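# Structure at a glance
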Amino acid sequence: MGKKFGNFDDLSLGEIESLVGKLASNLPQYGTWTPQWEVVSGTISTGTSQSGTYIKIGELVICSFSLSLSATQAGSPSGYLRIAGLPFTAYNTEQYPKLGTVFSRYWSGNYPSFVEIVNGNLLDIYKYNPTSDPVRVGSNDINDSGSGFGSSIRGTVVYRTFD
């Protein structure tokens, strides 16, 4: 007798295990991650707070993050700021979008406005520049602005993973 839809009597144990595995790999996974400040050269503190959450459905990952850092806590960084520690490695090809939006407070000059995944697991931070292309956020952009809170950034990035 052939296989019938809705009747599992005709399925082998291997076929059932395969179906269960396919279903399980597409169930949402929820978790937390700890985003970390990273700088191209020099040293940088972990900051006053950092937190992140994610949802992974199959190969799709949605990560949210929040970080803050005061100029006095920064250490001695130089160069561009990045965010490290994504919970899953992103596909590193041009055909898959790897951008995210951010909300930021207390930065010098133009505030950070979006992030881009580079090298599979780092977020480069960019700020809008009204007279040219967007530019990367540098360590000299960290500013307390007399707020006592330091520079902060919150955002979400959506990407495809192979993990």
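The structure under discussion appears in the preceding block.
Residues numbered from 1 in each chain as written. Predicted model: local features only at pLDDT ≥ 70, side-chain atom pairs only at ≥ 80, totals over all residues. Heavy atoms only, no water.

### A few points about a nonpolar patch on the surface
We count it as follows: Candidates for patches are residues over 30% relative accessible area with no salt bridge; among them, like charges are joined within 9 Å and nonpolar side chains (Val, Leu, Ile, Met, Phe, Trp, Tyr) within 5 Å. Note on areas: Shrake-Rupley with a 1.4 Å probe; residue coverage comes only from the protein chains shown. For this analysis, a salt bridge means a side-chain nitrogen from Lys or Arg found within 4 Å of a carboxyl oxygen belonging to Asp or Glu. Here a strand is any run of E in DSSP of at least two residues, a helix any run of H or I of at least four, and the numbering for each starts at the N terminus.
A cluster of nonpolar side chains, contributed by Tyr-30, Ile-55, Ile-57, Leu-60, Ile-62 and Val-158, occupies part of the molecular surface with about 500 Å² of accessible area. At the level of secondary structure, the elements contributing two or more residues to the nonpolar patch comprise strand S3 (49-57) and strand S4 (60-69). You can see Tyr-30 is positioned in strand S1 (residues 29-33).

### Examining the packing of aromatic side chains
Quick reminder of the rule: Stacked, tilted and edge-to-face are the three classes applied to pairs of Phe, Tyr and Trp rings, where Trp contributes its six-membered ring and a pair requires centres within 6.5 Å; stacked means planes under 30 degrees apart, edge-to-face means over 60, and tilted covers the rest. When a residue's accessible area, from a 1.4 Å probe over protein chains only, is under 20% of the maximum for its type it is buried; when over 50% it is exposed; and in between it is partly exposed. Over a ring means this: the NZ of a Lys or the CZ of an Arg is within 6 Å of the ring centre and within 35 degrees of the ring normal.
All told, the structure shown has four aromatic pairs when counted by the stated rule. Judged by centre distance (6.4 Å) and plane angle (70 degrees), the rings of Trp-33 and Phe-65 are edge-to-face. You can see Trp-33 sitting in strand S1 and its partner Phe-65 sitting in strand S4, a full 32 residues away along the chain. Just as Trp-33 is buried, Phe-65 falls in that class too. Ring centres of Tyr-91 and Phe-162 lie 5.5 Å apart, and the angle between their planes is 65 degrees; this geometry places the pair in the edge-to-face category. Taken together, the residues span a long stretch of sequence, with Tyr-91 in the loop between strand S5 (75-84) and strand S6 (99-105) and Phe-162 in the segment after strand S10 (151-160) at a distance of 71 residues. Over the ring of Phe-88 we find Lys-56; its NZ or CZ atom is 5.3 Å from the centre of that ring. Sitting above the plane of the Tyr-80 ring, Arg-136 keeps its charged end 4.9 Å from the centroid.

### As for the nonpolar core
Note the following rule: Only buried residues count toward a nonpolar core. Its members are Ala, Val, Leu, Ile, Met, Phe, Trp, Tyr and Cys residues joined through side-chain atoms within 4.5 Å. Contact between two residues is taken to exist if any of their heavy atoms lie within 4.5 Å; hydrogens are not considered.
In terms of nonpolar packing, the biggest core is built from 26 residues, with Trp-37, Phe-65, Ile-153 and Tyr-159 touching the most fellow members. Going through the elements one at a time, strand S2 (36-44), S4, S5, strand S7 (112-118), strand S8 (122-127) and S10 are the ones with two or more residues in this core. Counting residues per element, this core draws most heavily on S4, which supplies five residues. Excluding residues within four positions of it along the chain, Ile-153 makes contact with Trp-37, Phe-65, Ser-66, Leu-67, Ile-83, Val-102, Phe-103, Ser-104, Trp-107, Pro-112 and Ile-125.

### Considering the pattern of salt bridges
Across all of its chains, the model carries three salt bridges by this definition. Note that Arg-160 is salt-bridged to Glu-59, the shortest N-O span being 2.5 Å. Here the residue Arg-160 occupies a position in strand S10, and Glu-59 occupies one in the loop between S3 and S4, the gap between them amounting to 101 residues. The closest approach of N and O atoms between Arg-82 and Asp-124, which form a salt bridge, is 2.5 Å. Taken as a pair, Arg-82 in strand S5 and Asp-124 in strand S8 lie far apart in primary sequence, 42 residues in all.

### Quick word on the pairing of S4
As a reminder, the rule being used: Pairing between strands is defined by DSSP: at least two bridges between them are needed.
Judged by how many residues are buried, S4 sits mostly within the fold: seven of 10 residues are covered. Of the strand pairs in this sheet, S3 and S4 are connected by nine bridges, and their pairing is antiparallel. Among the inter-strand pairings, Ile-55 is bridged to a residue of S4, identified as Ile-62. Between S3 and S4, which pair antiparallel in sequence order, lie two residues; one of them, Gly-58, sits at a positive phi of approximately 60 degrees. The pairing of S4 with S10 spans 10 bridges and is classified as antiparallel. When the bridges of S10 are listed, Leu-60 appears paired with Arg-160.

### Some remarks on the environment of Glu-38
On the secondary structure map, Glu-38 appears in strand S2. Exposure remark for Glu-38: the relative accessible area of 29% places this residue in the partly exposed category. Here the alpha-carbon distance between Glu-38 and Leu-122, two residues 84 residues apart in the chain, equals 8.8 Å. Filtering out sequence-adjacent residues up to four positions away, Glu-38 remains in contact with Ile-44, Tyr-80, Leu-81, Arg-82, Ala-84 and Leu-122.

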